[in-house]
Amino acid sequence: MFGVAGRGWARPTLRWGVAAMFVALAGCAGRSPPVSVSVSAAPGSPPPGMQYLYGSAEAAALDIQTFGALTAFVERQAEGRASVVLAADAAPDRPAFTACGDRPPAVVFDMDETLVLNLGYEMLEARSGKGFDADRWSRWEMAEGVALMPLPGAVEAVAALRRRGVTPIVNTNRSAASAATAVAALAKAGFGPFRHGETLFLAGDVDGQRRKDGRRQEIARRFCVIAMVGDQLGDFSDGFQGDPVARRALATAPAIARLWGQGWFVLPNPVYGSGLAGDWDAVFPADKRWSDPVEGQGK
Ligand SMILES: [Mg+2]
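Residues numbered from 1 in each chain as written. Predicted model: local features only at pLDDT ≥ 70, side-chain atom pairs only at ≥ 80, totals over all residues. Heavy atoms only, no water.

### Section: the overall build of the protein
For step 1, the next point in the chain: A tally of regular secondary structure across the protein gives eleven helices and seven strands.
For step 2, the next point in the chain: Pairs at least 24 apart in sequence give 74% of the contacts found in the protein among residues at least 6 apart.
For step 3, the next point in the chain: Total accessible area computed for the protein in this model is approximately 14,000 Å², and 58% of it derives from carbon and sulfur atoms. (Helix = DSSP H or I, 4+ residues; strand = E, 2+ residues; numbered from the N terminus. Contact = heavy atoms within 4.5 Å. Areas by Shrake-Rupley, 256 points an atom, 1.4 Å probe, with all protein chains shown as cover.)

Pasting the structure below:
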């Protein structure tokens, strides 16, 4: 129905796009291709993004930092809580939020690379040298939680929510066909019980879409969502569209900037996703270029 299995965005195209971009850039820059973030023909070691996300102490520390901030934020929301879900007629450049009424409090999490790290799948992908494979990913979704692990700090944060009477909810783009194995994987990782349609929402649920706004609206109809956690901006709003410059402007504008760490909690993902885009002009503004006395600005 949705064509592409995966985690919330047009992953296959972008991943190959990133690989192709690196090849092209390496050619332009006249140096050896950097190890691709997603594809390597004969990798002698994991791609740098995977080394960072799945293997580094730095990423583990950042995860613990983020989940600790989430827990502290929720503690402060015991009184005067407010929804952080954008209203149906709002957008990142004109934010307004759903009402809470007397709904019970909840926190909405993405699943992949937000609650769990997909080590088993990602190693196979890196070693295959072929990038993302939707069929392989579908088989991984059905694997019932083997060879994955929770993000450092995540299990403790979800347990703390439950103790406070705050409901953890997962809004993921894993397929609806994998509902039972997603539930099993979350339990096996230590996150406790989730129920499809109640505390677990999958691709196509509610409105048939892969985008998550429809599901967020439905969740906000049932709960007061006091925080959201994800590794892609689509885990917060589908309104973060456009090129990297436009998306960065939206994410850093004052009305949205105040939410980071204060209701919206973002985790690093240098392996795949909407953050891996942009040509030289998008990444390095023209007024921030340095001309080295020896090398000039490079090619
Ligand atoms: Mg994710």
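### Overview of the packing of aromatic side chains
For step 1, the next point in the chain: The full count for this structure, using the stated rule, is eight aromatic pairs.
For step 2, the next point in the chain: On the numbers, 6.1 Å between centres and 55° between planes, the contact of tyrosine 121 with phenylalanine 132 is tilted. Within this pair, whereas tyrosine 121 is found in helix H4 (residues 119-128), its partner phenylalanine 132 is found in the loop between H4 and helix H5 (134-141), the two being separated by eleven residues in sequence.
For step 3, the next point in the chain: Exposure remark for phenylalanine 132: the relative accessible area of 6% places this residue in the buried category.
For step 4, the next point in the chain: Site record: aromatic cluster; members linked through ring pairs are Phe236, Phe240, Trp260 and Trp264.
For step 5, the next point in the chain: For the cation-ring pair, arginine 162 lies above phenylalanine 194, with the distance from its terminal atom to the ring centre recorded as 5.1 Å. (Phe/Tyr/Trp six-rings, centres within 6.5 Å; stacked < 30°, edge-to-face > 60°. Buried < 20%, exposed > 50% of the residue type's maximum accessible area, 1.4 Å probe, protein only. Lys NZ or Arg CZ within 6 Å of the ring centre and 35° of its normal.)

### Some details on the coordination of the magnesium ion
For step 1, the next point in the chain: On the protein side, the magnesium ion has Asp110 (OD), Asp112 (O) and Asp231 (OD) as donor atoms, found 2.0 to 2.2 Å from it.
For step 2, the next point in the chain: Read N to C, the donor residues that coordinate the magnesium ion are spaced as D-x1-D-x118-D. Taken together, the positions of aspartate 112 in the loop between strand E1 (105-109) and strand E2 (116-117) and aspartate 231 in the loop between strand E6 (224-230) and helix H9 (244-252) put the pair 119 residues apart, joining distant regions of the chain. Accessibility classification places aspartate 112 together with aspartate 231 in one group, the buried group. (Donors = N, O, S within 2.8 Å, 3.2 Å for Na, K, Ca; no water.)

### Focus on the pairing of E1
For step 1, the next point in the chain: Across the five residues that make up E1, a large majority, five, are buried.
For step 2, the next point in the chain: Here E1 shows no split at all, with Pro105, Val107 and Phe109 on one side and Ala106 and Val108 on the other all buried.
For step 3, the next point in the chain: Sheet topology note: the E1/E6 ladder contains five bridges and is parallel. Each residue of the ladder has a partner; that of proline 105, found in E6, is cysteine 224.
For step 4, the next point in the chain: Where E1 and strand E4 (residues 167-171) come together, four bridges link them in parallel fashion. Each bridged residue has a counterpart across the sheet, and for valine 108 the counterpart in E4 is isoleucine 169. (Pairing = 2+ DSSP bridges.)

### Details of the packing of helix H3 (residues 57-76) against helix H6 (residues 154-163)
For step 1, the next point in the chain: Where H3 meets H6, the closest approach of the two axes is 9 Å, and the angle between their N-to-C directions is 10°. Of the possible angle classes, the one that applies to H3 and H6 is roughly parallel. Only Ala154, Ala157, Ala160 and Leu161 of H6 make contact with H3, whose side of the interface consists of Phe67, Leu70, Thr71 and Val74.
For step 2, the next point in the chain: Counted by class, the contact of H3 with H6 contains seven nonpolar, one polar and no charged residues. (Axes fitted to C-alpha atoms, helices over the stretch in contact; angles between N-to-C directions. Parallel < 35°, antiparallel > 145°, perpendicular 65-115°, else oblique. Nonpolar A, V, L, I, M, F, W, Y, C, P; charged D, E, K, R; others polar.)

### Some remarks on the pattern of salt bridges
Should their charged atoms come close, side chains of opposite charge can pair.
For step 1, the next point in the chain: Overall, the coordinates contain twelve salt bridges when judged by the stated rule.
For step 2, the next point in the chain: Note that arginine 94 and aspartate 93 form a salt bridge whose closest N and O atoms lie 4.0 Å from each other.
For step 3, the next point in the chain: Lysine 212 serves as the salt-bridge partner of aspartate 110, at 3.0 Å between the closest nitrogen and oxygen. In this pair, aspartate 110 sits in the loop between E1 and E2 while lysine 212 sits in the loop between strand E5 (200-201) and helix H8 (213-222), placing the two residues 102 residues apart along the sequence.
For step 4, the next point in the chain: With a relative accessible area of 2%, aspartate 110 lands in the buried category.
For step 5, the next point in the chain: Residue class for lysine 212 comes out buried when judged on its relative accessible area of 3%. (Salt bridge = Lys/Arg side-chain N within 4 Å of Asp/Glu carboxyl O.)

Everything listed here is a matter of coordinates, which is why it stays silent on function.
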